[in-house]
Structure formats: C-alpha cells, structure tokens
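An overview of the molecular structure
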Amino acid sequence: MDPEYFQSYEMCWGTLGTVRPFANFHSDLDAMEIQKALEMKDAGTLVRILTNRTNTQRQEIAKAFEEMTHKDLAAALKKALSGELEDLLLELLMPPLQYEAYRLQQAMVGIGTDEETLLEILCTHSGMELQEISAAYKEIYKKDLDKELKGETSGDFYKLLVALLNKDEVPGGVRRDIEALSATLNVKKAEAGPWIDILTSRDSDHLNKVLMGLELDIGQMVDQALEKKFSGDIRLGLKVLVECIQSPEGYLAKRLTATKTPILQGIMVSHSEEDLLCIRTAYLKLTGTSLYTALQKQFKGDHLQALLAICRSED
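Quick notes on the rules
Residues numbered from 1 in each chain as written. Predicted model: local features only at pLDDT ≥ 70, side-chain atom pairs only at ≥ 80, totals over all residues. Heavy atoms only, no water. Salt bridge = Lys/Arg side-chain N within 4 Å of Asp/Glu carboxyl O. Helix = DSSP H or I, 4+ residues; strand = E, 2+ residues; numbered from the N terminus. Buried < 20%, exposed > 50% of the residue type's maximum accessible area, 1.4 Å probe, protein only. Polar contact = N/O pair within 3.5 Å; in protein donor to acceptor, adjacent residues only side chain to side chain.

**Regarding the pattern of salt bridges**
In total, this model carries 15 salt bridges according to the counting rule given. Here Arg-103 ties to Glu-100 by a salt bridge, and the two come within 3.7 Å at their closest N and O atoms. With Arg-103 and Glu-100 both in helix H7 (residues 96-108) and three residues apart, the pair spans about one turn of that helix. Glu-100 shares its class with Arg-103; the two are buried. Across the salt bridge formed by Glu-227 and Arg-235, the nearest N and O atoms sit 3.5 Å from each other. For Glu-227, a relative accessible area of 36% corresponds to the partly exposed category. The exposure class of Arg-235 is partly exposed, given its relative accessible area of 24%. In this structure, a network of salt bridges that share partners links the residues Glu-100, Arg-103, Glu-120 and Arg-255.

**Considering the side chain of Thr-69**
Structurally, Thr-69 can be placed in helix H4 (residues 55-69). A polar contact is formed between the side chain of Thr-69 and the backbone oxygen of Phe-65, at a distance of 2.7 Å.

So, in structure tokens, the structure goes:
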C-alpha cells in the first residue's frame, strides 16, 4: 500500500469512503508517470496511481495528461489495456454523475433489462442526486431518462422507478402511513399505489418508523408480506426499496456477493469515496468473510490488485 495513503487517511478522518485525497498530489507528475507506464504497458503503475487518487484528482490528472501529450487519457488506456482491468480503470476515470448515468444506460442497453441495477441506483441516491444524474444522462445520451425507463419497463414497476427518480420528502403521519400500507395487505389483490406513494416521499427516519410499526401490526416482516401479496418486477422493486430504507449498506453488501463482475465493480467504484467502509462491515457480518479476502478468491493479477486497492484493507 502507498505509504502516503496513511497521511491522507489522517487528513480525511471521519469519512466512510476507502479512497481519500492523496496527500502529496501533483497532477503533472502523475501524468508523466502514467505516460511512461502506457508506453511500457506497465499496468501495475497505472493501477497504483489511479486507485490511490480521488475522482477529482483523476480529473486533474486527465487534464494534465491531455495538455502534456495532446491525447485523451481514456483513449490511451483503451489502447494499452484490455478486459476487466481496462473496464475498471476507465470507470474510475468517469466523473461520478457521468458514471451513474453510464451504469443506468448499461442496465437498459441491448436485449433484456437489468432491473436490479436500475433499482440499486435509484434506491440508494437522494432525490437531488438523481436529478443531477438524470441531467447527466440527457447530456451524454441525448435522451430523457424517464422516457428510457418507460421504454424498458411497464405498469406499476415503471411507476415505482419514475417515483424514485422524482422522489421528494413530503410530511406525513407515521400512524396514518402504517394504516394505509396495512390496508393494502388486507385485500385479496394488494395495490402497489400506496406503497409507491409513501416509500418514495418520506425521509428515511419516518419510513423506518413506519416499517417497524407495520411489522408490529401485521405480525410479520415487511419483505415476507410483500413476497406473499405481490409478484413480478413490482415485488422485486418494493422489496429492494424496503431493504434500502432499512439498511442500504446491508443491501449493497448482499449485491456484492453476486459473481457478476460489473455489479461488484459498479458498487465498489460508486461508493469508494462515500461509504464503502460501511458496506465492507455489512459484508463481513453477512458472509462471515471480509470483502478483501473474498476478492482474492474471485479475481487475479492486476485486476485483483486494483480491486484490493479500492477495497483498501482487511477487516
């Protein structure tokens, strides 16, 4: 591990991310070293630098690299690398809003839709963040995100996704919300409308009180009730949303147990500067194995070293 990481650790004490500002940062020196590494196809140096800098610092490196070489850093990485390591380092170079827009686009592109990745992003970001991501999506892809969602989904599931995209905090009474949700479970065919309206328009503290109160009223866990009363994509959507309200880090840790590399990389890159430490803790609690150890069982080579650097340490 880079010794100067520990200086940056002290400087940013209190953050829940694993990637912190590099203390002795000089974008021009990094750009020069990256240029040499690209010429030598030295993947180890590329990994060491790009995984030990924040996204803001990576943007400065990319700018310095272009001024120095008159070449785009992302294009240069594509030429020098391949496979999963190329994908990961290119993802690290994307600004955060652009990256989330990219992940949404990838979840909808081609045959089939990755509903759970759509849900993961929409359920774990605030309303303000989602508006910024939506604007980034339109700027990059020249399409409205809500219209893209409509083309990929339908019915109550589409209504849920759009409500999440436009989520806002509206005052409500805890008891009234409990009764409204409970009423939907006492009929033969449950209506998704009240669930969508309430779960996308209250703050997390309020919603946790509602969900705890609802479980006391109905005598079972909310996810069990949703499993019985709903089906298809809307059941998945409501269950994921409830999980994210109750424990977003727990939900993301469960997602990390997936064997699909894009899912794992997406979460690790997205949360590396925000709350990956919390997700690591939840992963250890869920699986009994640290994320750092689990990565070593699944990946190898420079790609493994890059993922370990983002994960940062053993738990």
